[in-house]
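# Architecture and fold: a report
One letter stands for each residue in the lines below.
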Amino acid sequence: MIFKPSSQTPLTAIAIQNICNDLMKENDCEGVFNLCIGKGSSIGDRMLDDRRIPLISATGSCRMGARVGEKVGKRFGSTILELGGNNAIIVMDDADIEMVMRAILFGAVGTAGQRCTSTRRLFLQKGIASQLTEKLVKAYGSVRIGDPLDSNTLMGPLVNSGAVDDMMKALEQVKAEGGEILCGGKKLDRPGHFVEPTIVKAHPGMKIVRDETFAPILYIFEIDTLDEAIEMHNSVDQGLSSAIFTTNLLHGETFLSHEGSDCGIANINIGTSGAEIGGAFGGEKDTGGGREAGSDAWKAYMRRQTNTINWGKELPLAQGVEFDLD
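This text gives an overview of the structure that appears in the document. The numbering scheme is per chain: residues are counted from 1 as the chain's sequence reads. Per-residue local features of the predicted model are confined to residues with pLDDT of at least 70, and side-chain atom pairs are confined, for both listing and counting, to 80 or more; whole-chain, interface and lining totals are unaffected and use all residues. Excluding hydrogens and water, the side-chain figures rest on all heavy atoms present in the structure.

### Observations regarding the state of the cysteines
- Disulfide assignment relies on a single distance test, namely cysteine sulfur atoms paired within 2.5 Å. One pass over the structure, following the stated rule, counts zero disulfides.
- With no disulfide of its own, C263 lies closest to C62 among cysteine sulfurs, the gap being 12 Å.
- Residue burial is assigned from relative accessible area. The probe radius is 1.4 Å, only protein chains are included, and a residue is buried under 20% of its type maximum, exposed over 50%, and partly exposed in between. Overall, C263 belongs to the buried group, its relative accessible area being 15%.

### A word on the environment of T133
- The topology assignment puts T133 in helix 5 (residues 126-141).
- Put simply, T133 and K201 are 68 residues apart on the chain and 9.2 Å apart in space, counted from C-alpha to C-alpha.
- As used in this structure description, the phrase polar contact means that two N or O atoms lie within 3.5 Å; if the pair is within protein, one of them must be able to donate a hydrogen and the other to accept it, and residues adjacent in sequence are counted only when both atoms belong to side chains. A polar side-chain atom of T133 sits 2.7 Å from the main-chain carbonyl oxygen of A129. A run of DSSP states H or I qualifies as a helix once it reaches four residues; a run of E qualifies as a strand once it reaches two. Both are numbered from the N-terminal end.

### So, helix 2 (residues 40-49)
- Listed in full, the buried residues belonging to helix 2 are I43, G44, D45, M47 and L48.
- The contact criterion used throughout is that any non-hydrogen atoms of two residues lie within 4.5 Å. The inward-facing, buried residues of helix 2 contact strand 1 (2-3), strand 3 (55-59) and helix 3 (62-74).

### Points about the packing of aromatic side chains
- Centres within 6.5 Å make a pair out of two Phe, Tyr or Trp rings, where for Trp the six-membered ring is used; the pair is then stacked when the planes are under 30 degrees apart, edge-to-face when over 60, and tilted otherwise. According to the stated counting rule, one finds two aromatic pairs in the structure shown.
- Note on F3 and F33: the rings are 6.1 Å apart at their centroids and 45° apart in plane angle, and the pair reads as tilted. Taken as a pair, F3 in strand 1 and F33 in the loop between helix 1 (10-26) and strand 2 (34-35) lie far apart in primary sequence, 30 residues in all.
- The class of F33 is buried, set by a relative accessible area of 18%.
- Pairing F123 with F221 gives two aromatic rings, centres 5.1 Å apart and planes at 20°, and the pair type is stacked. On the criterion of sequence distance, the pair formed by F123 in strand 6 (residues 119-125) and F221 in strand 9 (residues 217-223) is long-range, its members being 98 residues apart. Summarising the burial analysis for this pair, F123 and F221 share the class buried.
- Residue placement shows R190 over the ring face of F194; its charged tip is 5.0 Å from the ring centre. Working rule: Lys NZ or Arg CZ, within 6 Å of ring centre, within 35 degrees of ring normal, means a charge sits over the ring.

### So, the sheet that holds strand 5 (residues 87-91)
- Each pair of strands is called paired provided DSSP finds at least two bridges between the two strands. Strand order across the open sheet formed by seven strands is 7-8-9-6-5-11-12, with mixed pairing between neighbours. Sheet topology places strand 7 (180-183) and strand 12 (265-268) at the edges, where each strand pairs with a single neighbour. On average, adjacent strands in this sheet sit at an angle of 25° to one another, irrespective of strand direction.
- When strand 7 meets strand 8 (residues 198-201), the two strands line up antiparallel, connected through three bridges. Along strand 8, the bridge assignment pairs E180 with K201. In this analysis an axis means a line fitted to C-alpha atoms, helices contributing only their contacting stretch, and an angle means the value between N-to-C directions, from 0 to 180 degrees.

On their own, these measurements won't tell you what the molecule is for.
Take a look at the structure:
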């Protein structure tokens, strides 16, 4: 197995490799897990084209996934693709507001919106929309931003200056498309790539909402009915993680049914991020369809072979066919 991390995060990859080295040595399996650090344009492309690597598992943007799938497919290799998320939470009038607040803040602000399951869109039924929006704006104003190694910090920096630029460009498009920035939206004047977590009051016609910006931007929509919320929820190209907060059994079952969420992960009264450990992790549509973890995921990494063994001394043929071999 060869592990090629993002070239933006080599130190964490080295730490993971060191842990694996110890485990492999303890179990006499040294050399099974290997690390290769470098740019995707050099090392990544060589891996995609190498027929000695029958399976490529790739995590990243939808654009990256399309390229990986095309290149590996040309040599008839296999892929597991875990791509863009654009995850959403639907909140009905009967939801437990305190539970909702915890889930949204963790999902939208945690890791500065740089998790594939980060909460990006929020659909609020009108009965609780004003109250919940007001509470969120207040909570966002109290988020402690700083060094992620400090236990008092709630939100750290973005990964690089390019990520900051992408967030600022997205917010400019928000304004151009008629969205309203309710709080946040600024770069912080300090060393590092720090920004304010941002809440946007959005409307269905905004094109920027269809894209996943890897940053702490949360788009809020008001909805009248569950059907309206599901239609808007499913209108984007990505389909990774989703959630609904409700105490109504019919609402919950509808969300999990064929009429509900079209994502690979669908939760009730649990947020989009952090509840998937141990489950089959992955999404539908442009998220790629691949699955990591879970009880069946290991099968994708195996060379599958069907075996039939004849323990007898006769070989009966199908349809009673017989050949005169004398």
